[in-house]
Amino acid sequence: MNTSELCCSVSTVKVAPTGETIKRTSARSATVVLGRNEFNDVILRLDINKTSAKYLMRDITVHKRFIKDGKACIQLPSHNLQIMLSNCPPHQLAAFLKCLVVKRECAKQQKPISGRARLLSELPRKFEEISPLCEKDVNAINNARAKAVEAKGTATTPAGPGKRKSVKRPRDNSGGPNADEVPKAKKLNISLNKTQLNPQQTRVLNTVLAGHSVFFTGSAGTGKSFLLKKIIGALPPDSTFATASTGVAACHIGGTTLHQFAGIGSGNHPLQKCIELASRPARKQQWRKCKHLIVDEISMVDGDLFTKLEATARAVKCSDKPFGGIQLIVCGDFLQLPPVTKTGEKRVFCFQSAAWTQCIQLTMELTQVKRQDDPVFINILQNIRIGRCPQELCDRLTATANHIIDRNGILATRLCTHKQDVDLLNQVHLKKLTGDPRVFDAWDSDPNLVSIINSQCPVPRSLELRVGAQVMLAKNLDVQQGLVNGARGVVTGFGAGETGLPIVKFMCGVEQAIRMERWPIRAGAGLVLSRRQLPLKLAWAISIHKSQGMSLDCVEISLARVFECGQAYVALSRARNLEGLRVVDFDRACVRAHPDVVKFHHVLRRQQRMMQTEIEDYTQDKENIRPYL
């Protein structure tokens, strides 16, 4: 990723000392480049059409509150100017601003050049693109910050020779041994490994950025959702729409449901009615803006609905190209949960529709499992995934019924096939606790649209907790410490006061108070809702549908009432390892994979092997070719 250049929309605002706008210029397409001049100063160059403007990055203020939306503002007080960036790929914008801040702070450590020296200099004018961030830059800033903190001193440690000042010693009420320690400097934490993608994921990302319509799949735990978020961050926000087949999956990637984006209601209407619904002004404008459409959990999208969406896209965008010329980035695993159908209806998967063949240019599979690291367990899951359950495998899973996986007061989460069982188990166990209940109500941005928020937000509007309540994190808080989505814990207490925050001890060993978090929810047609609530939910039980995408530390599974193909696989693949898994009633009959999907999977694997063979043959041929002399 080039961290020194951005292609985006730019607005420049010239501001008077009184704060009034003097002049404003805007460009939908511009290039912003970071570089250095002949004096090694950090320079920002704006290329708009055939004109260029250069600004010295000396005293600047960077506003990055809306960086996730691809927006930021750079204020230049010395020029009375504001440079507003928009429609930037979020990850690229974050890397650009990080590079700007780091390089500018590094430049401050150098000896300044006087104005006279600049005036009399005979150096030729130049502009060179700035070098990429490196470990040397980060270390230089961290060392400078540490020296600055040390130079300030503390109440009992003077700042140094020639800088002694009469400082009144504050009263120390803590009585702790660290009262006189020098405060630590805030270190700059920059990951120089910017992509953090494996070769397979990188290949998918590069294929998407090349403009191809892609379907990428993979077994549970291969990093599909992680890659999808990277793709969303690499595409321009104004023309990219992230959707999913379910509300919870849509909220997980910061998008909306596919039905809400399309504006065609349930999708059960005749095609002409769907086109009329999608042609309403607000929806039509959204369709017209869309150049990149992302669909997660594609396995639960009905093939007939996909066909209607493709025809609707062509009609609304007035284009004969597949899906109206929109680039499709489709993700999911057809060997997991299938589309929901009514009794007696024939199930049609997306890949069985003619529209799928026309729209999807490349199909790619991720095979490197990240959730589990035990080869034996991975092999078990791969067999379950395609509906195979030999006797040896059956014996291993049956033996897990004797596993003792509860520890430190944290009980195993039970995965259930039906939502009614989940609600009943959670409420029964909660009422058994003797402590006083604490109720935490969410703050919703629009109380009139609570039904939409409830359908997409992973946490409830009202959460009742007691000491001893089994809970689960519903959001990544600190990946380094293991506080990730699905991490299990138990409530050990509450903070002071009636509204004191719950204190949770997690299986990873961390015990801390859990604060309110915010979930943005896109409701379609540009409407963005939000909910502020504790990132917790009761975890005595959870439904298999709601567990998709989670990694659970300790899980107990009941498969007696499995009613769908792939349901047993989804449940079993939530566990990180065999030691944290307990299957109470395993039966080989619950392992099922839809025959049409298995056939599709085998064809896909054969195509992947053929493609890999062609690549290897091509590479060998290139190595055997002697250069022409």
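Let us look at the structure shown here. (Residues numbered from 1 in each chain as written. Predicted model: local features only at pLDDT ≥ 70, side-chain atom pairs only at ≥ 80, totals over all residues. Heavy atoms only, no water.)

1. Here's the deal with the sheet that holds strand β23 (residues 517-522)
A sheet is described by the order of its strands in space; here 3 strands give the open sequence β17-β24-β23, paired in antiparallel fashion. Since the sheet does not close on itself, it has two edges, and those belong to β17 (443-444) and β23, each with one partner. By the bridge criterion, 2 bridges tie β17 to strand β24 (residues 528-533) in an arrangement that is antiparallel. Paired with Asp 444 across the bridge in β24 is Arg 531. (Pairing = 2+ DSSP bridges. Helix = DSSP H or I, 4+ residues; strand = E, 2+ residues; numbered from the N terminus.)

2. Here we look at the environment of Gln 358
For Gln 358, the position within the fold is in helix α11 (residues 354-359). Considering only alpha carbons, one finds Gln 358 and Glu 310, 48 residues apart in sequence, at a separation of 9.6 Å. Among all residues touching Gln 358, those that are not within four sequence positions of it are Glu 310 and Pro 322. (Contact = heavy atoms within 4.5 Å.)

3. A look at the nonpolar core
Membership of the largest hydrophobic core comes to 35 residues, with the highest contact counts inside it found for Trp 287, Leu 293, Ile 298, Phe 323, Leu 328, Phe 334 and Trp 356. Among the secondary structure elements, those contributing two or more residues to this core are α7 (258-262), α8 (271-278), β12 (292-296), α10 (303-316), β13 (327-331), α11 and α17 (595-624). The biggest single contributor to this core is α10, with 5 residues. The residues contacting Leu 328, other than those within four sequence positions of it, are His 212, Ser 213, Val 214, Leu 293, Phe 306, Phe 323, Cys 359 and Ile 360. (Core = buried A, V, L, I, M, F, W, Y, C linked by side-chain atoms within 4.5 Å. Buried < 20%, exposed > 50% of the residue type's maximum accessible area, 1.4 Å probe, protein only.)

4. A closer look at the sheet that holds β13
Across the sheet, which stays open at both edges, the 6 strands sit in the order β11-β10-β12-β13-β9-β14 with parallel pairing between neighbours. Only two strands of the sheet have a single partner each, and these edge strands are β11 (256-257) and β14 (362-366). Pairing geometry for strand β9 (residues 214-218) and β13, over 3 bridges, is parallel. If you follow Phe 216 over to β13, its bridge partner there is Cys 331. Against the sheet, helix α5 (residues 224-234) touches β9, β10 (240-244), β12, β13 and β14, its axis set at about 150° to β9. (Axes fitted to C-alpha atoms, helices over the stretch in contact; angles between N-to-C directions.)

5. Side note on the packing of aromatic side chains
All chains considered together, the criterion is met by 14 aromatic pairs. Ring centres 6.0 Å apart and planes at 45° place the aromatic pair Phe 306 and Phe 323 in the tilted group. Of this pair, Phe 306 sits in helix α10 while Phe 323 sits in the loop between α10 and β13, and the two are 17 residues apart along the sequence. With centroids separated by 5.5 Å and ring planes inclined at 10°, the aromatic side chains of Phe 349 and Phe 351 adopt a geometry described as stacked. A relative accessible area of 12% means that Phe 351 is categorised as buried. Three or more aromatic residues joined by ring pairs make a cluster, and in this case those are Phe 215, Phe 306, Phe 323, Phe 334, Phe 349, Phe 351, Trp 356 and Phe 600. Between the NZ or CZ atom of Arg 118 and the centre of the ring of Phe 39, over which it lies, the distance is 4.9 Å. Between Lys 475 and the ring centre of Trp 519, over which it is positioned, the NZ or CZ distance is 4.8 Å. (Phe/Tyr/Trp six-rings, centres within 6.5 Å; stacked < 30°, edge-to-face > 60°. Lys NZ or Arg CZ within 6 Å of the ring centre and 35° of its normal.)

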